Amino acid sequence: MIVVAVLAAGRGTRMKSSLPKVLHPLGGRSLVGWVLRSVAALEPSRQMVIVGYEGELVCQSLKHLANVEFVEQREQLGTGHAVQQVLPLLENYDGHLLVLNGDVPLLRSQTLQTLLQTHQEHKNAATILTAHIPNPKGYGRVICDGNHILKQIIEDRDCTTAQKQNRRINAGVYCFHWPRLAEVLPHLKTENDQKEYYLTDAVNDLAPVMAVDVEDYEEILGVNDRQQLATAYQILQTRIKREWMMAGVTLIDPGSTTIDDTVQLSPDVVIEPQTHLRGETHIGRGSQIGPGSLIENSTIGEDTTVRYSVVSQSQIADHSQIGPYAHIRQRSQVGEHCRIGNFVELKKASMGDGSKASHLAYLGDTTLGEQVNIGAGTITANYDGVNKHQTILGDRCKTGANSVLVAPLTLGEDVTVAAGSTVTKSVAADSLVIARSRQIVKPGWRLPKTQESQETGKNTSQE
Ligand code: UD1
Ligand code: CA
């Protein structure tokens with residue numbers, strides 16, 4: 001049985017942000033969201049998140065996760081002080097406690113399994129995750145004997161120059177036999193450069209403590225500033241893209257593409273350059289996305305293309321063509337074999353199978369039937385300045401160029417709207433609606449002459 005505590009109370013001063021560090025987004029999840037995801041495979045019996053700075057925000061962002069308890073650390077007096085906050089909650093617990101810093105987002109579950117296994121097999125008081133990293137600056141240094149038994153952890157800022165040469169660092173991930181940790185925790189002191197209660201001092205007070213080295217040091221990189229955030233993002237992107245390519249997705253230019261961890265792609269999807277897939281996005285087999293597209297929290301069917309376009313919170317079915325330069329947003333739904341072309345915006349609009357809006361249109365709060373053809377420049381006037389209203393077009397309706405459909409409005413099936421119409425009243429099925437003034441032609445008409453031009457015989461009105 002394992003209980004997990006995630007330290008997420010710090011502000012993260014080095015981020016220079018009003019957002020708590022652990023809530024900074026990284027490819028679809030927050031930093032602390034990633035940490036909780038990495039422990040999920042261990043099926044912990046309890047998960048406690050220590051919150052403090054902007055704790056309400058942290059709780060809010062994690063409240064969708066089952067089985068998470070929040071423990072408040074009112075003042076942030078250090079990582080040791082953070083773990084002290086769980087003492088009252090684990091009074092008679094005699095199992096193990098896995099402690100993780102909330103800013104270590106790239107850990108693999110398998111690594112945590114190995115840590116746990118080693119800890120239990122050797123019956124250690126504590127087992128800590130360590131790595132040899134090329135640039136250990138800022139990390140606690142771990143000094144061990146030849147058998148991975150810990151001698152000491154010293155924070156970077158408390159190290160002597162000689163100690164700084166040691167490249168084995170503390171990852172901030174620890175497995176403790178809880179009764180033994182509970183014994184030493186109350187006795188921590190603040191005799192260090194930061195005058196904080198260090199969890200690493202508790203580790204130093206226990207024996208035996210064993211270090212488990214990770215093979216891939218990228219896993220344990222901590223995020224303390226924006227540069228480290230960007231580095232973590234690059235590592236994550238490399239991992240995600242590698243996995244999708246292995247699963248049969250073509251990435252034409254991986255370097256210019258970003259894909260959140262929450263995205264699902266099918267085999268034979270082709271992602272063209274400069275394309276970004278975010279949130280809960282699903283893309284069906286054979287679809288081609290990009291170049292130059294952003295798809296957020298949307299579902300795209302099979303064999304659909306989306307070029308130079310933005311799709312958010314929407315669904316597009318199979319065999320449709322979107323773009324270039326389309327914007328589909330806010331729960332819009334596009335059917336099969338549809339076409340949405342240049343400078344067409346859909347907002348809360350649904351489009352039946354086989355319908356088209358090929359150029360220059362705004363369709364907001366609109367329901368289109370099947371085989372509808374929206375002419376260039378068609379606009380739904382859905383907003384009266386106070387409320388939004390619906391426009392409904394039956395199957396096979398056609399709107400001429402530059403039509404304005406003033407909502408609320410319903411056009412029955414097979415209605416044709418003449419070009420340049422401003423339609424304000426609903427129209428029954430099978431009709432042509434012309435709502436514009438008739439053209440007037442005056443044969444032989446000329447501009448009236450001014451007095452001066454009458455005198456000189458010249459027309460001066462253009463001067
Ligand atoms: C810590 C370790 C260091 C290790 C590094 C790994 C200590 C003293 N040092 O240093 O040995 O190499 O992590 O990344 O532990 N937090 C709280 N309450 C507090 C202070 C911090 O919850 O009072 C949380 C932070 O939100 C953060 C985590 O603890 O998620 C680590 O704190 P941070 O200040 O980043 O520690 P480091 O200096 O990186
Ligand atoms: Ca850190």
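For the protein, the name recorded in an unreviewed UniProt entry is Bifunctional protein GlmU, with Candidatus Synechococcus calcipolaris G9 as its organism. We quote the UniProt Subcellular location (unreviewed entry) comment for the protein here in full: "Cytoplasm". Quoted verbatim from the Subunit (unreviewed entry) heading of the UniProt record, the comment on the protein is "Homotrimer."

The next subject is the confidence of the model for the protein. Taken residue by residue, the protein gives an average pLDDT of 96. The fraction at 70 or more is 98%. Summarising per-element confidence for the protein, the mean pLDDT is lowest in helix 9 (residues 451-456) (77) and highest in strand 22 (residues 310-312) (99).

Among the six residues of strand 6 (residues 96-101), six are classified as buried, and the element is accordingly described as predominantly covered. Residues of strand 6 alternate between two faces, with H96, L98 and L100 on one and L97, V99 and N101 on the opposite face, all of them buried. Looking at chain direction, strand 1 (residues 2-8) and strand 6 are connected through six bridges and run parallel. Each bridged residue has a counterpart across the sheet, and for V4 the counterpart in strand 6 is L98. The pairing of strand 6 with strand 10 (residues 168-177) spans five bridges and is classified as antiparallel. Its bridge partner being in strand 10, L98 is matched across the sheet by C175.

With that settled, the discussion passes to the site of ligand 1. Around ligand 1 sit 26 residues, and of these Q73, G78, T79, E155 and N170 come closest. Between ligand 1 and the protein, one listed contact pairs an oxygen atom with a side-chain N or O atom of N101 at 2.9 Å. In isolation ligand 1 offers 760 Å² of accessible surface; the protein chains occlude 91% of this area. The biggest single contributor to the shell around ligand 1 is strand 10, with four residues. By residue class, the composition of the shell around ligand 1 is 10 nonpolar, 12 polar and four charged.

Below, the discussion takes up the coordination of the calcium ion (ligand 2). The coordination sphere of the calcium ion (ligand 2) contains the protein donors D103 (OD) and N224 (OD1), at a distance range of 2.3 to 2.4 Å. With D103 in the loop between strand 6 and helix 4 (109-121) and N224 in the loop between strand 11 (209-213) and helix 8 (226-246), this residue pair connects regions lying 121 residues apart in the sequence. Both residues of the pair, D103 and N224, count as buried.

Before going further, it helps to spend a moment on the domain arrangement of the protein. According to the domain assignment, the protein consists of domain 1 (2-220) and domain 2 (240-433). Computed from C-alpha coordinates alone, the two centres of domain 1 and domain 2 are separated by 47 Å.

Glancing now at the UniProt feature "binding site: Mg(2+)" (unreviewed entry) in the protein. What UniProt calls "binding site: Mg(2+)" (unreviewed entry) maps, in this numbering, to D103 and N224. Spatially, the listed residues are clustered: although they cover 122 residues, their C-alpha atoms lie within 7.4 Å of one another. Exposure remark for D103: the relative accessible area of 10% places this residue in the buried category. Dropping the residues within four chain positions of it, D103 is found in contact with K21, V22, L221, G222, V223 and N224. Here K21 takes part through its side chain, which lies 2.8 Å from a polar atom of the side chain of D103. Setting aside its immediate chain neighbours within four residues, N224 contacts R14, M15, K21 and D103.

Moving on to the pattern of salt bridges. Under the definition given, this model contains 15 salt bridges. Linking D268 and R285 is a salt bridge whose minimum nitrogen-to-oxygen distance equals 3.7 Å. Remark: R285 occurs in the loop between strand 17 (282-283) and strand 18 (288-289) and D268 occurs in the loop between strand 14 (264-265) and strand 15 (270-271); sequence separation between them is 17 residues. On the basis of relative accessibility, which here comes to 42%, the residue R285 falls in the partly exposed class. Residue R329 is joined to E345 by a salt bridge in which the shortest nitrogen-to-oxygen separation is 2.7 Å. In this pair, R329 is assigned in strand 25 (residues 326-329) and E345 in strand 27 (residues 339-347), connecting sequence segments 16 residues apart. Connected through salt bridges with shared partners, the residues R29, R37 and D261 form a single ionic network.

Following G290, the chain continues into P291 via a peptide bond in cis, with omega recorded as 5 degrees. Position of P291 relative to the elements: it lies in the loop between strand 18 and strand 19 (294-296). Phi is positive for L360, which is not a glycine, with a value near 50 degrees. Of note, L360 is situated in strand 29 (residues 356-364). The residue D414 is not glycine, and still its phi comes out positive at about 55 degrees. With respect to the element layout, D414 can be found in the loop between strand 36 (409-411) and strand 37 (416-417).

Parameters at a glance
Residues numbered from 1 in each chain as written. Chains lettered and ligands numbered in written order. Predicted model: local features only at pLDDT ≥ 70, side-chain atom pairs only at ≥ 80, totals over all residues. Heavy atoms only, no water. UniProt positions renumbered as here; feature names shortened; annotations may be inferred. pLDDT = per-residue confidence, 0-100. Helix = DSSP H or I, 4+ residues; strand = E, 2+ residues; numbered from the N terminus. Buried < 20%, exposed > 50% of the residue type's maximum accessible area, 1.4 Å probe, protein only. Pairing = 2+ DSSP bridges. Near = heavy atom within 4 Å. Polar contact = N/O pair within 3.5 Å; in protein donor to acceptor, adjacent residues only side chain to side chain. Areas by Shrake-Rupley, 256 points an atom, 1.4 Å probe, with all protein chains shown as cover. Nonpolar A, V, L, I, M, F, W, Y, C, P; charged D, E, K, R; others polar. Donors = N, O, S within 2.8 Å, 3.2 Å for Na, K, Ca; no water. Domains from an automatic or database assignment. Contact = heavy atoms within 4.5 Å. Salt bridge = Lys/Arg side-chain N within 4 Å of Asp/Glu carboxyl O.

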